[in-house]
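# Structural characterization, general
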Amino acid sequence: MNSIVTKADWQARAHALCIPDKPFINGRFVSSRSDSTFSPINPATGEEICKIGIGSSLDVDEAVASARDAYEDGRWRSAPPLRKKQVLLRIADLIEQHGDELALLDVLEMGKTISNARAELAFSSGFFRYYAEAVDKLYGDVVPSDLSTLGYHLYEPRGVVGAITPWNFPLIMASLKAAPILAAGNSLVLKPSEVASTSTLRLAELAVEAGLPPGVFNVVPGLGRTVGEAIGRHMDVDMLSFTGSTRTGRQLLRYSGESNGKALLLELGGKSPQVVGADMRPDLEAMVTQIIHEAFWNQGQWCVARSRLIVEESFHDELVDAIVRASEHLVPGDTLDPDTTFGAIATLGQMARVRSYIDAAYDEGARLLSPEGKIDGCFMAPMVFGDVSPTMKIAKEEIFGPVLSVLTFKTFDEALRIANDTSYGLAATVWTKNMTRAHAAVRDLRAGKLAVRSRPGGGEQTGFALSTEPWGSSGFGVEGGMSGLRSYCRLKGVEFVCG
Ligand code: ADP
C-alpha cells in the first residue's frame, strides 16, 4: 500500500476538519459572552478559517472560577503522582494519534508548512512525556536541625496559573506551558494568540479525553486587550506565564502590579547572535544547514532565531556564499504541499513589519547578498543582508521574519562584544574548535540558551531537560527541565516539632 500523503490528501483533510472555535471551560466548549468576533485568516490563501468571539472578562471570570474550584477540591492537585503521570502520558499519546489534525490546524492558521508542523509534533508530545516522568521526581529536601525538629522543604503548586501564548508555534507553546503547569498540580487558564488558537482548544479537549479532570485545563480564545488583559489583571490568578513580545511583557508587569501582584514568568523578544570562527572552515557545508535552520526555521518567526550572523572576517565570503546557496532551497509555496520547503509569514500585519525592516536595511546602507526574491502577499524568500553595522535597525531590533544580518569580527573579543551589544539575551550559538574561545563564550555571553559547537550535529538530546532563563529585555523566569517545573511551584519551608 502506498502510504505517501499527497497535497491533494492534505487538502481533503483540511476541508474535512472540525475547527474548534469556542472557549473550553470546565471540560466542555461553551459560548463566549462577547458579541463581536474575529476571524483567523490562512496567510497562504487569504481565506477566513472560522469566527471566534473576541472574548471578555466574563469568559475569563468563568474560566478562573472553574480552575479555582478544581484546585480547591483537589481533583487534580491531590491526585496520586502515578495517576498524574498516567494522564500526562496519555495526553502525549493523543497528541500523536491526532497529530495530522493538530498539525493542519497550525498550518491553516499561521502558515507553516505541513512538513514542519508534523515535525514539530514531537516537541509537543515530548513536553508532556518529559513532565509526566518528572511528576514523582520533584523532591524537597531535609535541612539540618536539632533532633526534636524535622525541617524540610516542600514543593507545592502555585494554584490557578494563567498562560498567554504567541502564534509562532501554537501547539508547542501551549504544550510547553501546559505540561509543567499541570505536572506541578496547578489548574490552568490559557489564552492562545488570536492568530492561531484552534490547536490549543483541541489540545485541552484531548487532555480531558486523556483523563484530566474537567476544570483543570481551560482555554479562553480572544484578543490581547479583552482576554489577555483580563487574565493579567485577575485577582484570583496566582501566577502568569507568558511568551510574546517585550512590549506586551511590560504591560503584564504593570497589570500584575496594579492587581494582586501575581508572580510572572516572561519569555519575550530576542535578537540572538550566531558567532562563527574561521577555524570551522572544514565543516562548512554541514554547518551551514544548521545555521540556516537556526536563522530561518518557521520563516524566521521564532524568538530564539539566530538573526545576527557574526563571522570572522577571513571566513566571511566563503560562509556567506554557502549560506546564500543553501537558502535558495527554501522556496515559499503551498503550505499543504509536503514538498514545500518554506511557508508563509503568519499575517499581513507581520509581513508589513518585516517589509519595514527591509526598507530600513536599504536606507541604512546594508547590501542584499541573496537573490532578490518576489514578495507576494504573505510569501517571501529568506533574505541575507551584508555590510551591516551593529547600530543599524536590522542588527538591533527583533524582526521576527526570514532576514539574516551579517556582521564581521577580527578578534574574538570583538565578536563577543558585538554579540552582547543588545538589550536582549535569549539565545546564542558559537562555532569554534578553539577551547579558549569556547570557554570565553560560555563565560561572557549573555544568553539564556547557549550552544557552543565545535562540529555540526548533536544537541538533540537536550531539548526537554535543559532549563533556560532569559536576560534583560528577553524576560525572566526559568522554562524547561526540572527547574522549569519548579517555576510553577511554591516552596514551603516546614519546621515540624513533634514528641
Ligand atoms: P506578537 O506581536 O508576536 O503577536 P504579542 O505580545 O502581541 O506578540 O502577542 C503574544 C500574546 O499576547 C498573544 O496571545 C496576544 O493576544 C497577547 N497580548 C497582546 N496584547 C496583550 C495585552 N495588552 N494584554 C495581555 N495579552 C496581550
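Sequence positions are assigned chain by chain, starting from 1 and proceeding in written order. Confidence filtering applies because this is a predicted model: local features only for residues at pLDDT of at least 70, side-chain atom pairs given and counted only at 80 or more, and all residues used for totals across whole chains, interfaces and linings. Hydrogens and water are ignored here; the side-chain numbers use all heavy atoms of the structure.

Per an unreviewed UniProt entry, the chain is named Aldehyde dehydrogenase family protein, and its organism is Paraburkholderia agricolaris. The UniProt entry for the chain carries this comment under Sequence similarities (unreviewed entry): "Belongs to the aldehyde dehydrogenase family." UniProt positions are given in the numbering used here, feature names are shortened, and annotations may be inferred rather than shown by experiment.

As a further point, take the site of the ligand. Taken together, the neighbourhood of the ligand is formed by 18 residues, with Thr 165, Lys 191, Glu 194, Ser 245 and Thr 248 sitting nearest. Residues adjacent in sequence count toward polar contacts only when both atoms are side-chain atoms; beyond that, a polar contact is any pair of N or O atoms within 3.5 Å, and within protein one must be able to donate a hydrogen and the other to accept it. Between the ligand and Lys 191 there is a distance of 2.8 Å, counted from an oxygen atom to a side-chain nitrogen or oxygen. Contacts to the ligand include Ser 245, whose side-chain N or O atom sits 2.7 Å from an oxygen atom. Surface burial for the ligand is 83%, taken as the share of its 550 Å² of free accessible area covered by protein chains. Helix and strand assignments follow DSSP, with helices taken as H or I runs no shorter than four residues and strands as E runs no shorter than two, numbered in order from the N terminus. Put simply, the parts of the chain that give the shell around the ligand at least two residues each are helix H8 (224–233) and helix H9 (246–258). Its residues assigned to classes, the shell around the ligand shows six nonpolar, eight polar and four charged. Being near a molecule or strand, for a residue, comes down to having at least one heavy atom within 4 Å of it. Using a 1.4 Å probe, the Shrake-Rupley method yields the accessible areas, and only the shown protein chains count as cover for residues. The classification used treats Ala, Val, Leu, Ile, Met, Phe, Trp, Tyr, Cys and Pro as nonpolar, Asp, Glu, Lys and Arg as charged, and all other residues, Gly among them, as polar.

Our next topic: the UniProt feature "active site" (unreviewed entry) in the chain. Mapped onto this numbering, the UniProt entry annotates "active site" (unreviewed entry) at Glu 267. Among the secondary structure elements, Glu 267 is positioned in strand S11 (residues 263–267). Not counting the four nearest positions on each side in its chain, Glu 267 is found in contact with Phe 242, Thr 243, Gly 244, Cys 303, Leu 426, Pro 470, Ser 474 and Glu 479. Two residues qualify as a contact provided that any one of their heavy atoms is within 4.5 Å of a heavy atom in the partner residue.

Across the sheet, which stays open at both edges, the seven strands sit in the order S14-S15-S16-S13-S12-S17-S18 with mixed pairing between neighbours. What marks the edges here is a single partner per strand, and that holds for strand S14 (367–368) and strand S18 (449–453). Strand direction decides the pairing type here: strand S15 (residues 383–386) and strand S16 (residues 403–409), joined by three bridges, are parallel. By the bridge assignment, Met 383 is partnered in S16 with Val 403. The sheet contacts of helix H11 (residues 316–327) involve strand S12 (273–276), strand S13 (308–312), S15 and S16, and relative to S13 the element is tilted by about 140 degrees. Orientation is described by axes fitted as lines to C-alpha atoms, over the contacting stretch for helices, and by angles from 0 to 180 degrees between their N-to-C directions. Packing of helix H14 (residues 412–420) onto the sheet brings it into contact with S12, S13, S16 and strand S17 (427–431), and relative to S16 it is tilted by some 145 degrees. Strand pairing is defined by DSSP finding a minimum of two bridges between the two strands.

Patches here: salt-bridge-free residues with over 30% relative accessible area, like charges joined within 9 Å, nonpolar side chains (Val, Leu, Ile, Met, Phe, Trp, Tyr) joined within 5 Å. Here a salt bridge means any side-chain nitrogen of Lys or Arg lying within 4 Å of a carboxyl oxygen belonging to Asp or Glu. On the surface, Val 142, Leu 150 and Phe 496 cluster together into a nonpolar patch covering about 280 Å² of accessible area. Here Phe 496 is to be found in strand S20 (residues 489–497). Relative accessible area serves as the criterion here: at 42%, Phe 496 is assigned to the partly exposed category. Here the term buried applies to any residue with accessible area under 20% of the maximum for its type, exposed to any over 50%, and partly exposed to those in between, with areas from a 1.4 Å probe on protein chains only.

Turning to the nonpolar core, a few remarks are in order. Counting residues in each nonpolar core, the largest one holds 77 residues, and the members touching the most others are Leu 88, Ile 91, Phe 128, Leu 182 and Phe 217. When residues of this core are assigned to their parent elements, the largest contribution, ten residues, is made by helix H6 (residues 170–183). The source of the domain bounds is an automatic or database domain assignment. Each of two domains, domain 1 (7–268 + 477–493) and domain 2 (273–462), supplies a minimum of three residues to this core. In this structure Leu 182 touches Trp 76, Leu 88, Leu 188, Leu 212, Val 216 and Phe 217, once residues within four positions along its chain are discounted. Core analysis: the next-biggest nonpolar cluster, separate from the first, contains 32 residues, Ile 345, Ala 366, Met 383 and Phe 412 among them. Nine residue types can take part in a nonpolar core, namely buried Ala, Val, Leu, Ile, Met, Phe, Trp, Tyr and Cys, and a core is a set of them joined through side-chain atoms within 4.5 Å.

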